[in-house]
Structures are given as C-alpha cells and as structure tokens.
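Per-entry structural report
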Amino acid sequence: MEYSTHVAATTLINSFQTKENTIFSHQISARIRLATELDVPHLHKLVTQMAEYHGLSEIFTTTETSLYNNLFKSNDPPFHSLTALVLEISPNPFPPITKSNNLISFTPIIKNNYNLDQMDVLDPELETFRSKFKGDGENNGNVYVAGHVLVFPSYNGFFEKPGLYLDQMFVRKCYRGMRLGKLLFSAVASQAAKMGMGMVDWLVADWNEETINFYEKMGAHYIPEYRLCKLYGDQLQSFSKKTD
C-alpha cells in the first residue's frame, strides 16, 4: 500500500491495510468532550478493558445500565456528581468550538493534526469504537473513541478547598505512548482550576513505576505509604449489620 508523500497542514493520511485494520499515519486529531448517553456502550467496553488490565475482572460488576444510571440520572450538574469525559480521535480535523455546539459545563478540548512522529497506529477495534456522537457535520462517522476518564467531587479535611477525584483514566492500548493520557489529565486539572477547586486526587498502582515517574515530573505529590482499602459486596453488607 502506498501513502501520499505530501500532507497539507489540515489533512491527515488515513490508510486501510485490510478490511479489519486501519492505520493512522503521521497525524491524527484528538478531542476530549463531556460524555453523553450515546457513549454508554463504549464507556462500558473501556471500563471492562481497564478492569482486565488491572486484573480486576473477578470483581467487575458494572453494566451499561448501572453506568447510565450513575452518570445521567443525577440532578447535579457535571463535575458535581460522577462525570465521564470521552477521548476521541479522527483522521480529520475536528470542527472548531462555536456557541451552537459548546457545552456550558465543559468546553471540549481539541488538538488537530496531532503529530505521530512518523509512527503508524494500527487499531484492530476501530469499528467497535466508532463514535455515536452527533454534531460534527461532515466528520460524523469518522470519529472513534480512544479512551475516557471518570471523575467526581472530593474533599480532604487537610485542604481549604474541595477538588476532583480522578477514579479512572484509560487510553486504549494502540493509542498509548502518544501523550493522549497527558491530554486527558490536563483536561481534568484545567476543569478543577476553572471551578476554583484546590486539588485533583487519584491513585496509582505501586508497580507502575513509569506512570509514577510521569506524575512526579508533572509536579504531583506521590505518597507511597498510602494504600486504598475497599469494603464492598457481601463483606460490606455483613459489616454494616454488626453492632459490636
């Protein structure tokens, strides 16, 4: 297969290797936006993959229905309740933000013509993650979900202001190493600052040294002594009934 040798500043080469696999070459465009109800099936697939990545499939109980109820049944506005942001990629530049498609609670972050440094990206799940988001005009049908982040409000008594707790941040395997995770994290940090919050909290596995180093270079304070404890399922129900 031959690729075009000349790419205009606003154009991306989108080449097909076979019917099942698509290669993004040289550049892609990325967007982070607030999730909608149409994103629930893709979010469920992403959360499932994240559970598999962390070896937590045995305790995984999330369903599309539970995701929908937790994300979209709250009367609180986004970022005042559980909120999902979706990372999308496209072979075409995303349209600029206008008043007609701007979401008041979160302004989508767009990075068009994202340089891949000559790295080709093979996505074997491209069709599975084709975005169902409406409102992109001519770009509809050529947008794909590449990752997500889940956040909700948090409070720590040591700090003056509340913050956002980053519960999950996940980028599909074929799109890792492209600084898209940093783009997702930046979106959360920017939103916290915009809302006048004082912090963003999250956990990182102690075996994931590469990620820990990334967070420390970013300026995060890593506290290795702390570990997350969870009481859930039958154990939660049993302990809740104890009176002594």
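- Labelled according to an unreviewed UniProt entry, the protein appears under the name L-ornithine N5-acetyltransferase NATA1-like, originating from Nicotiana tabacum.

1. A look at a nonpolar patch on the surface
- A cluster of nonpolar side chains, namely Leu231, Leu236 and Phe239, defines an oily patch on the protein surface of about 290 Å² accessible area.
- Along the chain, Leu231 turns up in the loop between helix H4 (209–218) and helix H5 (233–240).

2. Topic: the pairing of strand E3 (residues 27–34)
- Counting buried positions along E3 yields eight of eight residues, so the element is predominantly enclosed.
- The pairing of E3 with strand E5 (residues 109–115) spans five bridges and is antiparallel. Across the sheet, the residue bridging to Ile28 is Tyr114, located in E5.
- Where E3 meets strand E4 (residues 83–90), six bridges bridge the pair, whose relative direction is antiparallel. Note on E4: the bridge partner recorded for Ile32 is Leu87.

3. A look at the pattern of salt bridges
- Within the structure shown, the criterion is met by six salt bridges.
- For Glu88, the salt bridge is made with Arg31, and the minimal N-O distance between the two is 2.6 Å. Here the residue Glu88 occupies a position in strand E4, and Arg31 occupies one in strand E3, the gap between them amounting to 57 residues. There is no split in this pair, since Glu88 and Arg31 are both buried.
- For Arg172, the salt bridge is made with Glu125, and the minimal N-O distance between the two is 3.6 Å. Taken together, the positions of Arg172 in the loop between strand E8 (163–171) and helix H3 (180–194) and Glu125 in the loop between strand E6 (121–123) and strand E7 (144–154) put the pair 47 residues apart, joining distant regions of the chain.
- One salt-bridge network, in which partners are shared between bridges, spans Arg31, Arg33, Asp39 and Glu88.

Criteria and thresholds
- Residues numbered from 1 in each chain as written.
- Predicted model: local features only at pLDDT ≥ 70, side-chain atom pairs only at ≥ 80, totals over all residues.
- Heavy atoms only, no water.
- Patch = residues over 30% accessible without salt bridge, like charges linked within 9 Å, V, L, I, M, F, W, Y side chains within 5 Å.
- Areas by Shrake-Rupley, 256 points an atom, 1.4 Å probe, with all protein chains shown as cover.
- Salt bridge = Lys/Arg side-chain N within 4 Å of Asp/Glu carboxyl O.
- Helix = DSSP H or I, 4+ residues; strand = E, 2+ residues; numbered from the N terminus.
- Buried < 20%, exposed > 50% of the residue type's maximum accessible area, 1.4 Å probe, protein only.
- Pairing = 2+ DSSP bridges.

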